[in-house]
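Listed below are the residues making up each chain.
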Amino acid sequence: MEYISIQGVGKPVSRLIKGTDYFYHDSYEKAAANMDAFLAIGGNTVDTAHIYCGGQSEEVLGRYMQERGNRDRIVILTKGAHHDQNGPRVNREAIRRDLSDSLERLQTGTVDMYALHRDDPDTPVGAIIEALNEHIESGEVNAIGASNWTWERLQEANAYAEAHGMTGFSFSSPNLSLAKANEPFWAGCVSADARTCEWHEATQMPLLSWSSQARGFFTGRFSPEVRDNPDIVRVFYSDGNWERLRRAERLAEEKRVSPIQIALAYVLNQPFPACALIGAQTAEELRSCHEGAAIRLSRAERDWLDLTAESVGK
């Protein structure tokens, strides 16, 4: 397993990050076994959120760490201030309340990484940075970041933090995958486009990608004729993505791996620190991700997969 460094986090962050949006109390043994297997391959970073599984995701993770006595081995990324039925709630009180709930559920006094789950462009970044810094100063949070923020808002927030002697965002977590999204998965979701990747390359801010394998688009299950998953059709079905799939299949054959592993390698071979959130729930899925994370792609191969080059350029 490879790791990256994230400013403020006192531990290395594994480049594969374990997703927990299926951790429920009634399937605790499955979640615990999945966590044990993930740690066994060198993974140490876990993604959860205040809203996942109605709060059960954090509670199950908290129980697991308590029973195993391994909190010190795990890097926790949790998220808060998600919108509710009344709209955006990216504000000081919502952050305080959600973080308090998360700490109690996780049975810990500090989270390694705390991200805002959504943005509210109508709220000035200064107020948000000030609110988050209160929790850094209290010791409840080690590093702050943002999920589903545009690079422009990230840049604005960090400029404010620098100008006022505060801690800024040290990571971002949008969607990044070889398959490009036609439209957001849900309202307020952000997928990294070419300009976003250019900004990450220039700043070297770590990117932690959700849906890094495009919801299984590269597994071979989908084709233009298969339309039984309306969300996948809506978000990923396009001529460009069918060509990316064909190129992933061709490169996978050359490297004797699978197309889904090529798709994972695409995310992890960016010219900036990148991690992939994975949803592996079986031994086979975890093995595939572990092997995929070890694949090396040249920039020419990555550009060819991404349709920005006509040949691999070997």
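Residues numbered from 1 in each chain as written. Predicted model: local features only at pLDDT ≥ 70, side-chain atom pairs only at ≥ 80, totals over all residues. Heavy atoms only, no water.

Caption draft 1: Broad picture of the pattern of salt bridges. Scanning all chains against the criterion turns up 27 salt bridges. Where Glu2 meets Arg15, a salt bridge forms, and the shortest distance between an N and an O atom there is 3.2 Å. With Glu2 in the segment before strand 1 (3-4) and Arg15 in the loop between strand 2 (13-14) and strand 3 (16-19), this residue pair connects regions lying 13 residues apart in the sequence. Residue Arg15 is classed as buried on the basis of its relative accessible area of 11%. Note that Arg92 is salt-bridged to Glu134, the shortest N-O span being 2.8 Å. Placement of Arg92 in helix 3 (residues 92-106) and of Glu134 in helix 4 (residues 125-137) is noted, with a sequence separation of 42 residues between them. Under the relative-accessibility criterion, Glu134 is labelled partly exposed at 36%. A cluster of three or more residues bridged by salt bridges with shared partners is formed by Glu2, Arg15 and Arg296. (Salt bridge = Lys/Arg side-chain N within 4 Å of Asp/Glu carboxyl O. Helix = DSSP H or I, 4+ residues; strand = E, 2+ residues; numbered from the N terminus. Buried < 20%, exposed > 50% of the residue type's maximum accessible area, 1.4 Å probe, protein only.)

Caption draft 2: Up close: the nonpolar core. In this structure, Met113, Leu208, Phe217 and Phe218 are the most contacted members of the largest nonpolar core, which totals 61 residues. No other element matches the eight residues that helix 9 (residues 259-268) contributes to this core. Core analysis: the next-biggest nonpolar cluster, separate from the first, contains 40 residues, Ile95, Leu132, Ile144 and Leu154 among them. (Core = buried A, V, L, I, M, F, W, Y, C linked by side-chain atoms within 4.5 Å.)

Caption draft 3: Region of interest: the side chain of Gln213. In this structure, Gln213 sits in the loop between strand 9 (207-209) and helix 7 (230-236). Setting aside anything within four residues of it in sequence, one finds Gln213 in contact with Phe218, Ile260, Leu264, Ile278 and Cys289. (Contact = heavy atoms within 4.5 Å.)

Caption draft 4: Fine view of helix 5 (residues 151-163). Here helix 5 is 13 residues long and its end C-alpha atoms lie 18 Å apart, about the 18 Å a rise of 1.5 Å per residue gives. Restricting attention to buried positions, one finds in helix 5 the residues Trp151, Arg153, Leu154, Ala157, Asn158 and Ala161. For helix 5, the angular spread of the buried residues around the axis is 160°, confining them to a single face. Tucked inside the fold, the buried residues of helix 5 contact helix 4, strand 7 (141-147), strand 8 (171-173) and helix 6 (194-203). Following helix 5 by one or two positions, Gly165 adopts a phi angle in the positive range, close to 65°. (Expected span 1.5 Å × (residues − 1). Arc of directions from axis to C-beta.)

Caption draft 5: Spotlight on the packing of helix 3 against helix 4. One can describe the packing of helix 3 onto helix 4 by two numbers: an axis separation of 9 Å at closest approach and a directional angle of 30°. In terms of orientation, helix 3 and helix 4 fall into the roughly parallel class. The two elements helix 3 and helix 4 cross, and the hand of that crossing is right-handed. On helix 4, the residues that touch Arg92, Ile95, Arg96 and Leu99 of helix 3 are Glu130, Ala131, Leu132, Glu134 and His135. A per-class count over the contact of helix 3 with helix 4 returns four nonpolar, one polar and four charged. (Axes fitted to C-alpha atoms, helices over the stretch in contact; angles between N-to-C directions. Parallel < 35°, antiparallel > 145°, perpendicular 65-115°, else oblique. Left-handed = near helix turned anticlockwise from the far one by under 90°. Nonpolar A, V, L, I, M, F, W, Y, C, P; charged D, E, K, R; others polar.)

All we've got here are geometric facts, nothing functional implied.
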